[in-house]
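Structural description and commentary
Chain residues, written in single-letter form:
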Amino acid sequence: MKSFKYALEKKEPRTGPGGITRGASVHDFPVSEGIAGVSMRLEPGGMRELHWHANAAEWAYVISGSCRTTVIHPDGSSYVDIFNPGDVWYFPRGYGHSIQGLGPGECHFILIFDNGDFSEDHTFSITDFLAQTPAEVVMQNLGLAADELALLPDKEAYFVKGLVPSNGSHDAYPRISSDLITKHRYPLMAKQPRLAPGGGTQRTVTVEDFPISSTMAGSVIELERGGLREMHWHPNADEWQYYLDGNAEMTVFLAEGNAVTEQFEAGDVGYVPMGAGHYIKNIGSEVCRILIGFNSGHYEAIDLSEWLAGNPVDVLATNLSLPREIAKKLPHKSVFIAPES
């Protein structure tokens, strides 16, 4: 049986001026056919250069620190946003963008892509584009003289390090209104969560909340000690998990008598194929927090308790070979997250 776990934060990173990144595509993590992910850290002023992704949209969650993004749309409009812990961004496939750390400390964020064959190494970078294009074409395009062209990088930069952007600078991007949500930014952790008393919480953002995020949805689940995100499956999407804090156990049920049970710790990635049954249980002594991405803009889940509750008691008794008295004890409503027994 394949493993549904990958120790992302133990992978040898790619490093550069002001930045560090670790990625996991289907080539690193074979079961992750529908979604890929990256853990990236930027120092204050460190920039993931202007680039675009040809084969995947990008959904991100900021774990710590602050950063600034820029993005260009095909109609020529551009957007600049600042992100803090708990914020989410989304860039459609092919849209050019950049990310820069704002300080005062490191900015750590998780990038999730709606294509398992995506690789952060194989992106289209502005420096690489310019370096691989004939010099006379670049000079004509950008209006540069030959001596000015010689100042440009002669290969892909990927990470670059500059001054920390400041809102007090004349270079700051003007903003005419104060908004909680913008076209590319959604403050997920500012949202009131779904709460299961004693069990945990879930905050979810979908295309209904965040219209530009048409191909991806995401959530943050917090499980109290012993809490169980009940047995369930997602009929419309694969699930990619990044374990933020704590320790957990997950079983992935693959039908035909096949299931895989594994344990996870902070920094690990988990994966569940579309339609596969699974649960997540906090097996540690502290709260377990999990970031989850889905390769559909709509969140759909079928929970075991709701399924049972939607059937007559005689169906349950017959199917599960139970006396009616015991079948009547089965859940009559959603459990969602069960507290420790």
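Criteria and cut-off values
Residues numbered from 1 in each chain as written. Predicted model: local features only at pLDDT ≥ 70, side-chain atom pairs only at ≥ 80, totals over all residues. Heavy atoms only, no water. Helix = DSSP H or I, 4+ residues; strand = E, 2+ residues; numbered from the N terminus. Buried < 20%, exposed > 50% of the residue type's maximum accessible area, 1.4 Å probe, protein only. Pairing = 2+ DSSP bridges. UniProt positions renumbered as here; feature names shortened; annotations may be inferred. Domains from an automatic or database assignment. Contact = heavy atoms within 4.5 Å. Buried area = accessible area lost by both parts, 1.4 Å probe. Salt bridge = Lys/Arg side-chain N within 4 Å of Asp/Glu carboxyl O. Polar contact = N/O pair within 3.5 Å; in protein donor to acceptor, adjacent residues only side chain to side chain.

Summarising the element assignment, Pro-104 is placed in the loop between strand E10 (97–101) and strand E11 (107–113). Remark: the alpha-carbon pair of Pro-104 and Ala-196, spanning 92 residues in sequence, is separated by 36 Å.

The next thing to look at is the pairing of strand E19 (residues 239–245). A large share of E19 lies buried, amounting to 6 of its 7 residues. By the bridge criterion, 4 bridges tie E19 to strand E22 (residues 269–272) in an arrangement that is antiparallel. Across the sheet, Trp-240 pairs through a bridge with Tyr-271, a residue of E22. One ladder, built from 6 bridges, connects E19 with strand E24 (residues 288–294); its direction is antiparallel. Following the sheet pairing, Asp-245 is matched in E24 by Arg-289.

In this structure's numbering, the residues bearing the UniProt feature "domain: Cupin type-1" (unreviewed entry) are residues 6–150 and 186–328. Secondary structure over residues 186–328 splits into 13% helix and 47% strand, and the C-alpha atoms at its two ends are 43 Å apart.

Domain annotation of the protein identifies domain 1 (5–185) and domain 2 (191–338). Between domain 1 and domain 2, the C-alpha centre-to-centre distance is 32 Å. Contacts between the two partners involve 33 residues from domain 1, matched on the other side by 29 residues from domain 2. Counting the surface lost from both domain 1 and domain 2, the interface buries some 2400 Å², and carbon and sulfur atoms represent 71% of this. Together, Lys-5, Trp-59 and Tyr-90 form the three largest contributors to the area buried by domain 1 at its contact with domain 2, with a combined 29%. At the junction of domain 1 and domain 2, the tally comes to 2 salt bridges. A salt bridge links Lys-5 to Asp-268, with the shortest nitrogen-to-oxygen separation between them at 3.8 Å. For the side of domain 1 that touches domain 2, the secondary-structure elements that each account for two or more residues are strand E1 (5–6), strand E4 (36–42), strand E6 (58–64), strand E9 (87–91) and E11. Considering each element in turn, the side of domain 1 that touches domain 2 owes the most residues, 4 residues, to E11.

In this numbering, the UniProt entry assigns the feature "binding site: Mn(2+) 2" (unreviewed entry) to His-232, His-234, Glu-239 and His-278. For the residues just named, distributed over 47 residues, the greatest C-alpha separation is only 11.9 Å, placing them together at one site. By the element assignment, His-234 lies in the loop between strand E18 (228–233) and E19. Owing to a relative accessible area of 3%, His-234 belongs among the buried residues under this scheme. Beyond its immediate sequence surroundings of up to four residues, His-234 is in contact with Glu-239, Met-274, Gly-275, His-278, Phe-294, Tyr-299, Glu-300 and Ala-301. At a separation of 2.7 Å, a polar atom in the side chain of His-234 contacts the side chain of Glu-239. With respect to the helices and strands, His-278 occurs in strand E23 (residues 277–282). In this structure, His-278 is in contact with Glu-230, Met-231, His-232, Trp-233, His-234, Glu-239, Met-250, Thr-251, Val-252 and Val-272, ignoring residues within four places of it in sequence.

For the rest of this paragraph, the subject is the pattern of salt bridges. Counted according to the given criterion, the structure contains 13 salt bridges. Here Glu-9 and Arg-41 are joined by a salt bridge, their closest N and O atoms 3.2 Å apart. Separated by 32 residues along the polypeptide, Glu-9 in the loop between E1 and strand E2 (14–16) and Arg-41 in strand E4 bring together distant segments of the chain. Between Asp-87 and Arg-185 there is a salt bridge, and its shortest N-O distance comes to 3.1 Å. Placement of Asp-87 in strand E9 and of Arg-185 in strand E14 (residues 185–187) is noted, with a sequence separation of 98 residues between them. We note that Asp-87, like Arg-185, is buried. Among the charged side chains, a network of salt bridges with common partners joins Glu-9, Arg-22, Arg-41 and Glu-106.

To continue, consider unusual backbone geometry. Cis geometry is adopted by the peptide bond preceding Pro-104, which originates at Gly-103 and carries an omega value of 5°. Unusually for a residue other than glycine, Ala-255 sits at a positive phi of about 75°. Relative to the helices and strands, Ala-255 resides in strand E20 (residues 247–255).

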